[in-house]
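Chain by chain, the residues run as shown.
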Amino acid sequence: MKRHPNLRGLIRLGLFALGFVLLLLFANTHLIQTDTIARLTLREMQAREDIELAFVGSSIVRDHFNAQRITEKTGRSAFCATVPTASMPASIALTRELQRTNSPEWVVLVTEPYNFQTVREAPEAQYKLMPFLSDPANMLDYYLRASSEDGCYLDRLLMFRGFGAQSLSDVAKTVGLRYFPEKTYARLRETMDPTVSYQGSGFLRHETDERADELLRTVQREYTGYIYELLDGSKDQLRLYRQLCEENGSRLMVVIFPNLTAHALAEPGFLDYNDALMAFCEELGVPCFNFSFARPELMPNLDEYFFDLYHMVGEGADILSDAFCRVFSAYAAGEDVSGLFYANRWEYLDSLTFTTNVWLTVFDPDSEWNPALEQDEARVRALSETQDVYMADCNHYVVYTPEYRFVLKNADGSETLLQDYGVDTLYACAPGALSGQTLRVYARLADYPENGEVWYELTIE
């Protein structure tokens, strides 16, 4: 019997499609880069059945919630289900993966304002998570959920293009971590940054003398005038997340991570997003604790422990973990913990009796005006006609008054006073007088000079 030509064509097309799918799966599994800690975390989570207290989120979970310490203090087996840059879509996929082998009593979703600036998922999170999801349905849902928000269906499908192996050693690492994770990690550990160590249960500890001081000097105030609220898509994702937890018999708690204070003072929407999230959680009936609002009797300000703009060293993680345990244990026992937190943003801001950072700007009459100094515009423009003008500004709560001190930093490190502490934000001098020299400015709050000063320096060309 003769086969119909159309049937032969369909068979060939089907075989071609099957071959393409198999090739795609191979490439997306073996010809990509692999995040070592993300792989170890997923591997361990998939092998566990005893997780009672799960923390879910991005690297703010991985680096700051010491699961072993929390287990000891709460009496509940804790685990951090996390991949770097994860937003809500990744948290949903992680939680579904967690639920395949575990039914935690509590799920703690850890967030920060950056999770809610968009409903989109960072491609990096997908690349690091999706290859290691064990359920094809969860994998497909995650892919479609992430792609539908940005329309990047092809880019997200072809992971080997955006996150492809750059060398044979990358391929060897990926294959090793997939099939022999413990042995491969033991080998890789010798070549990894010695200041970080994976301590199990999804917790990565950082031990370094580096601090965010230099990076903090770059955090200048931004202005938009907008009020930021949760997007409808974010609300839908949070509703789905609550449903996932309830269907698995887990109680959901939301925790807001205490970022550097400077973010709250400098970035539009930072506090708005937190307020909106807390209000929406109240609407959902989900407990939400903003650890940025922690009173000193619960937790000290953690700025000194940040080694970059978003992550802390292990000591800071331990302090935060201890504070969480205190709140969690009391809340789970039915106690009122509201007194451990500032009631609202205004109480929190009133507590910020210090400046976080200061900066200098050389006035350019042709540049866009800085809104922070609008009240001095006429004076600055008049001065700039005959002098070089340097403008200081700092991040601080607006009800407090900053004051500035200008010095010339000499080659031997000593300083020559140019203008002592005062509320004047400007330093003016003859044109070219500071060429080739370094101008340093100090700032403190006139209301609270005892709380210390911050500085910034600018070498004049």
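Every value quoted in this text rests on a predicted model; they were computed, and no experiment measured them.

### With respect to the side chain of T353
Here is step 1 of the chain: Locating T353 in the fold gives a position in the loop between α17 (345-350) and β8 (357-362).
Here is step 2 of the chain: Leaving out residues up to four positions away in the same chain, T353 has contacts with Y400, L445, Y448 and N451.

### Examining the packing of aromatic side chains
Here is step 1 of the chain: By the definition in use, this model includes 19 aromatic pairs.
Here is step 2 of the chain: Ring geometry for F65 versus F324: centroids 6.1 Å apart, planes at 85 degrees, classification edge-to-face. Highlighted residues: F65 in the loop between α3 (59-62) and α4 (67-74) and F324 in helix α16 (residues 314-332), separated in sequence by 259 residues. F324 matches F65 in its accessibility class, with the two residues each being buried.
Here is step 3 of the chain: Taken together, a centroid distance of 5.2 Å and an interplanar angle of 35 degrees make the contact between F293 and Y348 tilted. On the criterion of sequence distance, the pair formed by F293 in the loop between β7 (288-290) and α16 and Y348 in helix α17 is long-range, its members being 55 residues apart. Comparing F293 with Y348, the two get one shared label, buried.

### Observations concerning the environment of L204
Here is step 1 of the chain: When you line up the elements, L204 lands in strand β5 (residues 204-206).
Here is step 2 of the chain: Considering only alpha carbons, one finds L204 and A317, 113 residues apart in sequence, at a separation of 9.9 Å.
Here is step 3 of the chain: Residues contacting L204, with those up to four places away along its chain left out, are I37, R62, D63, V196, S197 and Y198.

### Section: the packing of helix α5 (residues 88-99) against helix α13 (residues 232-247)
Here is step 1 of the chain: Close contact between α5 and α13 brings their axes to 10 Å; oriented N to C, the two are set at 10 degrees. By the angle between their directions, the pair α5 and α13 is classed as roughly parallel. Residue-level inspection shows M88, P89, S91, I92, T95, R96 and Q99 of α5 in contact with α13, the latter providing Q237, L238, L240, Y241, L244 and C245.
Here is step 2 of the chain: Grouping the constituent residues of the contact of α5 with α13 by class yields eight nonpolar, four polar and one charged.

### Examining the pattern of salt bridges
Here is step 1 of the chain: Per the counting criterion, the structure on display carries 27 salt bridges.
Here is step 2 of the chain: Of the charged contacts, one joins R48 and D50 as a salt bridge, the two residues approaching to 2.5 Å between their closest N and O atoms.
Here is step 3 of the chain: Between R205 and E207 there is a salt bridge; the shortest N-O distance is 2.6 Å.
Here is step 4 of the chain: Salt bridges sharing common partners tie together R405, K409, E415, D420, R440 and E457.

### Observations concerning the domain arrangement of the protein
Here is step 1 of the chain: As far as domains go, the protein holds domain 1 (31-349) and domain 2 (358-459).
Here is step 2 of the chain: Here the C-alpha centre of domain 2 lies 39 Å away from the C-alpha centre of domain 1.
Here is step 3 of the chain: Listed per partner, the contact involves ten residues of domain 1 and 13 residues of domain 2.
Here is step 4 of the chain: Of the roughly 1,000 Å² buried at the junction of domain 1 and domain 2 (both faces included), carbon and sulfur atoms supply 52%.
Here is step 5 of the chain: Viewed at the interface, domain 2 and domain 1 are joined by one salt bridge.
Here is step 6 of the chain: For D393, the salt bridge identified is with R221, shortest N-O distance 3.2 Å.

### So, the sheet that holds strand β6 (residues 251-256)
Here is step 1 of the chain: Pairing in this open sheet of five strands is parallel, and the strands run β2-β1-β3-β6-β7 from one edge to the other. Single-partner strands in this sheet number two, and they are β2 (78-82) and β7. Averaged over all pairs of adjacent strands, the angle between their axes in this sheet comes to 20 degrees, without regard to strand direction.
Here is step 2 of the chain: Direction of pairing for strand β1 (residues 53-57) relative to strand β3 (residues 106-111): parallel, over a ladder of four bridges. By the bridge assignment for β3, V56 is matched with L109.
Here is step 3 of the chain: Of the strands in this sheet, β1, β2 and β3 are in contact with α5, which crosses β1 at around 150 degrees.
Here is step 4 of the chain: Packed onto the sheet, α16 meets β1, β3, β6 and β7 and runs at close to 145 degrees relative to β6.

### Concerning a nonpolar patch on the surface
Here is step 1 of the chain: On the surface, a cluster of nonpolar side chains totalling about 1,100 Å² of accessible area is made up of L7, L10, I11, L13, L15, F16, L18, F20, V21, L22 and L25.
Here is step 2 of the chain: Mapped onto the fold, L13 is located in helix α1 (residues 5-30).

Rules of the game
- Residues numbered from 1 in each chain as written.
- Predicted model: local features only at pLDDT ≥ 70, side-chain atom pairs only at ≥ 80, totals over all residues.
- Heavy atoms only, no water.
- Helix = DSSP H or I, 4+ residues; strand = E, 2+ residues; numbered from the N terminus.
- Contact = heavy atoms within 4.5 Å.
- Phe/Tyr/Trp six-rings, centres within 6.5 Å; stacked < 30°, edge-to-face > 60°.
- Buried < 20%, exposed > 50% of the residue type's maximum accessible area, 1.4 Å probe, protein only.
- Axes fitted to C-alpha atoms, helices over the stretch in contact; angles between N-to-C directions.
- Parallel < 35°, antiparallel > 145°, perpendicular 65-115°, else oblique.
- Nonpolar A, V, L, I, M, F, W, Y, C, P; charged D, E, K, R; others polar.
- Salt bridge = Lys/Arg side-chain N within 4 Å of Asp/Glu carboxyl O.
- Domains from an automatic or database assignment.
- Buried area = accessible area lost by both parts, 1.4 Å probe.
- Pairing = 2+ DSSP bridges.
- Patch = residues over 30% accessible without salt bridge, like charges linked within 9 Å, V, L, I, M, F, W, Y side chains within 5 Å.
- Areas by Shrake-Rupley, 256 points an atom, 1.4 Å probe, with all protein chains shown as cover.

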